[in-house]
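Spelled out from the first residue to the last, the chains are:
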Amino acid sequence: MAVGEDGQGKASATAVTVLRRGTLALQGHPRKGERAALLLLRPSSGRRHQLRVHCKLLGHPIVGDATYADDAIAYRMFLHAARLTLPLPSVTYDISCPADFDHAL
């Protein structure tokens, strides 16, 4: 997904891959039972709130995102950085932290 080339904000791009489809399984959530998906999001630019905005524009806002999904009911936002690479002048840090969202989907 690419946004901003039309003059509406700065250009940004995110590659989106569907890893798994299912239904939302959060107890007490008003959208429990609705279709949901686990996505792999790979931003190629670093704009503020980029992933959250792109998911909303695709029609699939992030569960628990009170700002872009109007979802303040979930106990947390279901956005997780599974891998983060920080290239610094003297060293590059590559940090991985897999998430287990099986309870939510």
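Residues numbered from 1 in each chain as written. Predicted model: local features only at pLDDT ≥ 70, side-chain atom pairs only at ≥ 80, totals over all residues. Heavy atoms only, no water.

Taking an unreviewed UniProt entry as the reference, the chain is identified by name as Pseudouridine synthase belonging to Tribonema minus. Per UniProt, the chain carries the Sequence similarities (unreviewed entry) text "Belongs to the pseudouridine synthase RluA family." (UniProt positions renumbered as here; feature names shortened; annotations may be inferred.)

## As for the pairing of strand β5 (residues 92-96)
Direction of pairing for strand β4 (residues 83-87) relative to β5: antiparallel, over a ladder of five bridges. Paired with T85 across the bridge in β5 is D94. (Pairing = 2+ DSSP bridges. Helix = DSSP H or I, 4+ residues; strand = E, 2+ residues; numbered from the N terminus.)

## Some remarks on the environment of R76
Along the chain, the position of R76 falls in the loop between α1 (50-57) and β4. Look at R76 and you get partly exposed, because its relative accessible area is 29%. (Buried < 20%, exposed > 50% of the residue type's maximum accessible area, 1.4 Å probe, protein only.)

## Comments concerning unusual backbone geometry
Positioned with a positive phi, H49 is a non-glycine residue whose angle comes to about 60°. By secondary structure assignment, the location of H49 is in the loop between β3 (35-43) and α1. Positive phi, normally seen in glycine, also occurs at D70, with a value near 50°. Inspection of the secondary structure assignment puts D70 in the loop between α1 and β4.

## Some details on the packing of aromatic side chains
Here the structure, examined in full by the defined rule, presents one aromatic pair. Over the aromatic face of F78 sits the side chain of R76, whose NZ or CZ is 4.9 Å from the ring centroid. (Phe/Tyr/Trp six-rings, centres within 6.5 Å; stacked < 30°, edge-to-face > 60°. Lys NZ or Arg CZ within 6 Å of the ring centre and 35° of its normal.)

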